[in-house]
Amino acid sequence: MSEPRIIFIGAGNMARAIIAGLRRRGIAGGDIAVHAPHLGRREALAREFGVISRAAEAVPVAADATVVYAAKPKQIGTILPSWRAALEAGPGIFLSLAAGVTSASLKRLLGPKVPVLRCMPNTPAQIGAGMTTLYADASVTAEQRAAAEAILAAVGRCLWLEDEGLMDAATALAGSGPAYVLLFLEALEDAGVFQGLPRATARILAQETVLGAARLAKEAQMAPSNLRHQVTSPAGTTAAALAVWEEGLRALAQRAVQAAVDRGRALAQMTEEHNQ
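Here the structure is a predicted model, which is why all the values come from computation and not from measurement.

Engineer: Outline the overall build of the protein chain, listing residues and values.
Structural biologist: The helix and strand tally for the protein chain stands at 12 helices and eight strands. For the C-alpha atoms alone, the extent of the protein chain along its principal axes is close to 70 × 35 × 35 Å. Across the 276 residues that make up the protein chain, the buried fraction comes to 37%. Averaging the coordinates of the 27 positive side-chain charges in the protein chain and doing the same for the 24 negative ones gives two points 3 Å apart.

Shown next as structure tokens:
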């Protein structure tokens, strides 16, 4: 049997989402291995997707393999040193999903020769609608970037950043962003219920409205402000509601994203200190 070409370290929700996407894309289960200490989780993935289940320990990997780190960031300093020799032996790629762990930190743990890429997917990856931000330094080749993107494209759209310093902002916007939208959905639903709508009705109206507006914004190839003006008649109902939203929504959004960025940087510093 040939060695698997995609190796996951960790068997959590994001690993499962990516594995599901890869299998939908036609990647054979035998080409994917999951290394994790939790026997139940990795065996569940093996049963569901036909992938190879292995203990957490490092093993030799194929020269063209991609190793995907999908475990907790705080564990990276404990886990990665055991994989260093296996990755240094060939030109395999290391793809990190660990929020806040810099390329420099990863290179220090794995060695300077290992091609390291960072990525931050979000939870809609579970249904193939994810938004993943990726970063690779200048030492990573175009072919290696393409190989990493091919894996993440299985769960949605990918976007490359050329400045690693923007990863915190991208994480705060897109990584945490689904929770912001879901909170907005809750608020719209509750507002509809307050006006007398049955909750089931208010939920459907809120969900379909947000989904339709997002699709329109994506497909119309226009700025959201232009689309908003199209639906806003002077002195109409939409204008009345927008006047209330404009009282604080923009400032609140900026404060929320800034809070996420600040917290992400603080957690990254804590992780860095823990892994030293």
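Engineer: Summarise the nonpolar core; cite the residues concerned and give the values.
Structural biologist: If you look at the biggest cluster of nonpolar residues, it comprises 34 residues, and the most contacted ones within it are F8, I18, I19, L22, L117 and L152. Excluding residues within four positions of it along the chain, L117 makes contact with I93, F94, L95, S96, Y135, A136, V140, Q144, R145, A148 and W160. Counting residues in each nonpolar core, the second largest holds 22 residues, with A33, A62, L106 and L109 among its members.

Engineer: A description of the sheet that holds strand β4 (residues 66-69) should follow, citing residues and the corresponding values.
Structural biologist: Strand order in the open sheet made by the eight strands is β3-β2-β1-β4-β5-β6-β7-β8, with mixed pairing throughout. Since the sheet does not close on itself, it has two edges, and those belong to β3 (52-54) and β8 (156-161), each with one partner. When the angles between neighbouring strand axes are averaged without regard to direction, this sheet yields 25 degrees. Relative to β8, strand β7 (residues 130-136) runs parallel, the two sharing six bridges. In the strand pairing of β8, T133 is matched with L159. Taken strand by strand, helix α1 (residues 13-24) contacts β1 (6-9) and β2 (32-35), and its axis lies near 165 degrees from that of β1. The sheet contacts of helix α5 (residues 103-110) involve β5 (93-96), β6 (116-120) and β7, and relative to β6 the element is tilted by about 135 degrees.

Engineer: How would you explain the packing of α1 against helix α2 (residues 39-49) if you had to name every residue and give the values?
Structural biologist: At their nearest, the axes of α1 and α2 sit 11 Å apart, and the two run at 20 degrees to each other. In terms of their interaxial angle, α1 and α2 are classed as roughly parallel. Both α1 and α2 take part in a crossing whose hand is right-handed. Contacts between α1 and α2 involve R16, I19, A20 and R23 from the first element and L45, E48 and F49 from the second. Its residues assigned to classes, the contact of α1 with α2 comprises four nonpolar, no polar and three charged.

Engineer: So what about the packing of aromatic side chains? Which residues, and what values?
Structural biologist: Centre-to-centre distance and the angle between the planes together describe a pair of aromatic rings. Scanning the model with the defined rule gives one aromatic pair in all. Considering the side-chain rings of F184 and W245, the 5.4 Å spacing of their centres and the 55 degrees angle between planes classify their relative orientation as tilted. Taken together, the positions of F184 in helix α8 (residues 177-194) and W245 in helix α11 (residues 237-245) put the pair 61 residues apart, joining distant regions of the chain. Looking at R145, its charged tip hangs above the ring of W160, at a distance of 4.1 Å from the centre.

Engineer: Run through the environment of A260, naming residues and quoting values.
Structural biologist: Considering the arrangement of structural elements, one finds A260 in helix α12 (residues 249-275). Distance in space between the C-alpha atoms of A260 and L173 is 8.3 Å, their sequence separation being 87 residues. Setting aside chain neighbours within four positions, we find A260 in contact with A172 and Y180.

Engineer: If you had to explain the pairing of β6 to someone new, which residues and values would you point to?
Structural biologist: Taken across its five residues, β6 has five buried, putting it largely inside the fold. Burial along β6 is two-sided: V116, R118 and M120 and L117 and C119, pointing in opposite directions, are all buried. Where β5 lies against β6, three bridges are found, and the strand directions are parallel. When the bridges of β6 are listed, S96 appears paired with R118. Taken together, β5, α5 and β6 form a β-α-β motif whose crossover is right-handed.

Engineer: Go over the environment of I151, please, and point to the residues and values.
Structural biologist: Inspection of the secondary structure assignment puts I151 in helix α6 (residues 142-152). We classify I151 as buried; its relative accessible area is 6%. Note: C-alpha distance between I151 and I27 (124 residues apart in sequence) is 9.9 Å. Setting aside anything within four residues of it in sequence, one finds I151 in contact with I6, I18, L22 and T66.

Parameters at a glance
Residues numbered from 1 in each chain as written. Predicted model: local features only at pLDDT ≥ 70, side-chain atom pairs only at ≥ 80, totals over all residues. Heavy atoms only, no water. Helix = DSSP H or I, 4+ residues; strand = E, 2+ residues; numbered from the N terminus. Buried < 20%, exposed > 50% of the residue type's maximum accessible area, 1.4 Å probe, protein only. Lys, Arg positive; Asp, Glu negative; His and termini not counted. Charge placed at Lys NZ, Arg CZ, Asp CG, Glu CD. Core = buried A, V, L, I, M, F, W, Y, C linked by side-chain atoms within 4.5 Å. Contact = heavy atoms within 4.5 Å. Pairing = 2+ DSSP bridges. Axes fitted to C-alpha atoms, helices over the stretch in contact; angles between N-to-C directions. Parallel < 35°, antiparallel > 145°, perpendicular 65-115°, else oblique. Left-handed = near helix turned anticlockwise from the far one by under 90°. Nonpolar A, V, L, I, M, F, W, Y, C, P; charged D, E, K, R; others polar. Phe/Tyr/Trp six-rings, centres within 6.5 Å; stacked < 30°, edge-to-face > 60°. Lys NZ or Arg CZ within 6 Å of the ring centre and 35° of its normal. Right-handed = clockwise from strand over helix to strand, strands pointing away.

Read these as layout, nothing more, since geometry by itself doesn't imply function.
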